[in-house]
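Chains, contacts and geometry: an overview
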Amino acid sequence: MQFDSNRCFIIGEVAQAHDGSLGAAHAYIDVIARSGADAVKFQTHIAAAESTPGEPWRVSFSFQDESRYAYWKRMEFTEDQWLGLKRHAEERGLEFLSSPFSIEAAKMLRRTGVRAWKVASGEVSNPQLFNYLIDTRLPILLSTGMSTLQEVDTAVMQVQAAGVELAVMQCTSIYPCPAEKVGLNMIPYYRQRYGCAVGLSDHSATIFPCLAGASIGVEVLEVHVTFSHDCFGPDVVASLTSEELATMIQGVRFIEKMTNHIVIKDELAKELAPVRDLFTKSIVADVDLPVGALLTPECLTVKKPGTGIPAERLPSIIGRRVRRPITAGEMLSPSDFNEDRVPQCPQNR
């Protein structure tokens with residue numbers, strides 16, 4: 001996987017939106033593919049490997065899980081099920097990604113054949129897992145949602161020292177994230193500071209931050225996806241529907257075309273010459289003009305189309321005499337009047 005500055009890599013994040021249903025997880029692959037995204041991303045949790053029974057709830061939302069540990073347990077899929085999800089994603093033309101939250105999860109995903117790692121910001125300070133991911137030499141998308149700048153510096157230094165491809169993702173771990181906390185200003189800052197690809201992992205539940213990110217040339221965009229804002233789950237309030245995702249992607253691709261193509265004004269004017277003829281105006285007789293009539297401002301006007309003498313040349317033909325009878329409303333041509341101009345009397349001052 002290589003990050004392209006001319007075409008943003010767009011990830012639809014399922015996370016826990018499937019609520020433990022393998023069927024729903026597959027359905028999310030289909031809707032994300034139809035939306036035009038480049039990748040689908042999950043989270044791979046193995047409760048016993050990453051959590052303790054006493055782990056507190058971030059948000060107490062579950063009506064069926066006695067603890068957060070029990071929730072992670074219910075979110076688990078088997079290795080064969082993950083392999084099935086990956087195959088389905090690839091059949092739909094999507095890159096398959098999943099954030100591991102333990103070395104055991106990472107090893108399982110590695111066996112399924114993932115081609116890159118999305119590292120959650122809570123795992124940046126987990127040296128066992130982070131070092132393992134770096135050692136695989138797969139590209140790393142590094143989330144910064146909860147990290148200090150020093151932690152990001154340290155993580156980037158490790159990845160770059162290993163020669164691993166890297167994208168640093170601006171992220172704010174607030175769900176939903178308000179506009180003033182998105183941190184779009186960090187994207188050019190990261191690009192300059194680290195000299196690598198940059199991205200935005202957005203939790204605002206709107207399409208606007210991603211469009212803004214595309215306008216400043218991010219290489220990666222990631223958003224949470226939900227079937228509906230009425231669905232159950234902790235991330236629904238920070239997600240886009242599949243319809244909103246499709247609109248966002250359409251906007252990003254439009255922005256890319258705008259920013260990747262340079263317009264040269266004079267060349268564009270030549271291309272628009274037929275349109276110009278329709279919308280500009282030509283010099284027209286405003287009254288009947290006999291042979292020898294003097295062309296004055298009062299007997300001339302300008303009207304569409306612009307296929308005759310251009311309107312801006314009107315001052316240059318004032319004072320000339322017509323060579324043939326011209327009827328009111330008739331468009332003038334250069335052969336209709338003499339070249340010599342009759343001197344105009346200066347106006348009184």
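Right, let's walk through the structure included here.

Calculation criteria
Residues numbered from 1 in each chain as written. Predicted model: local features only at pLDDT ≥ 70, side-chain atom pairs only at ≥ 80, totals over all residues. Heavy atoms only, no water. Buried < 20%, exposed > 50% of the residue type's maximum accessible area, 1.4 Å probe, protein only. Helix = DSSP H or I, 4+ residues; strand = E, 2+ residues; numbered from the N terminus. Pairing = 2+ DSSP bridges. Right-handed = clockwise from strand over helix to strand, strands pointing away. Axes fitted to C-alpha atoms, helices over the stretch in contact; angles between N-to-C directions. Parallel < 35°, antiparallel > 145°, perpendicular 65-115°, else oblique. Left-handed = near helix turned anticlockwise from the far one by under 90°. Contact = heavy atoms within 4.5 Å. Nonpolar A, V, L, I, M, F, W, Y, C, P; charged D, E, K, R; others polar. Core = buried A, V, L, I, M, F, W, Y, C linked by side-chain atoms within 4.5 Å. Arc of directions from axis to C-beta. Phe/Tyr/Trp six-rings, centres within 6.5 Å; stacked < 30°, edge-to-face > 60°.

Let's talk about the pairing of strand S5 (residues 140–143)
Residues Ile-140 and Leu-142 line one face of S5 and the alternating positions Leu-141 and Ser-143 line the opposite face, and both faces are buried. Summarising the sheet, strand S4 (residues 117–119) and S5 pair through three bridges and their orientation is parallel. Within S5, the position partnered with Trp-117 by the bridge is Ile-140. Remark: the S4/helix H6 (residues 127–135)/S5 crossover connection has right-handed handedness.

Let's talk about the packing of helix H1 (residues 22–35) against helix H10 (residues 242–260)
For the pair H1 and H10, the least separation of the axes is 8 Å and the interaxial angle reads 30 degrees. With respect to H10, the axis of H1 lies roughly parallel. Judged by the sense of rotation from one axis to the other, the crossing of H1 with H10 is right-handed. Contacts between H1 and H10 involve Val-31, Ile-32 and Ser-35 from the former and Ser-242, Leu-245, Ala-246 and Ile-249 from the latter. Here the residues of the contact of H1 with H10 sort into five nonpolar, two polar and no charged.

Notes on the nonpolar core
Core analysis: the largest hydrophobic core is formed by 60 residues, its most contacted members being Ile-32, Phe-42, Trp-117, Ile-140, Leu-142 and Met-248. For this core, the element with the most residues is H1, which contributes six residues. With residues near it in sequence (within four places) discarded, Phe-42 still touches Glu-13, Val-14, Ala-15, His-18, Ala-25, Ile-29, Trp-82, Leu-85, Phe-96, Leu-97, Ser-98 and Ser-99. Residues Leu-295, Cys-299, Ile-326 and Phe-337 belong to the second largest nonpolar core, which totals 14 residues.

A word on helix H5 (residues 103–112)
Within the span of H5, buried status applies to Ala-105, Ala-106, Met-108, Leu-109 and Thr-112. Angular distribution of buried residues about the axis of H5 spans 165 degrees; they occupy a single face of the element. Tucked into the core, H5 has its buried residues touching strand S2 (39–44), helix H4 (79–91), strand S3 (95–100), S4 and H6. With its phi angle positive at about 100 degrees, Gly-113 sits one or two positions after the end of H5.

Some remarks on the packing of aromatic side chains
This structure, assessed with the given rule, holds eight aromatic pairs. For the pair Tyr-28 and Phe-227, a centre-to-centre distance of 3.8 Å together with 10 degrees between the ring planes defines the contact as stacked. Linking Tyr-28 in helix H1 with Phe-227 in the loop between strand S8 (220–226) and strand S9 (239–241), this pair joins segments that are 199 residues apart in sequence. Phe-227 gets classed as partly exposed once you look at its relative accessible area, which sits at 33%.

Functional significance is not addressed by these values, which are geometric in nature.
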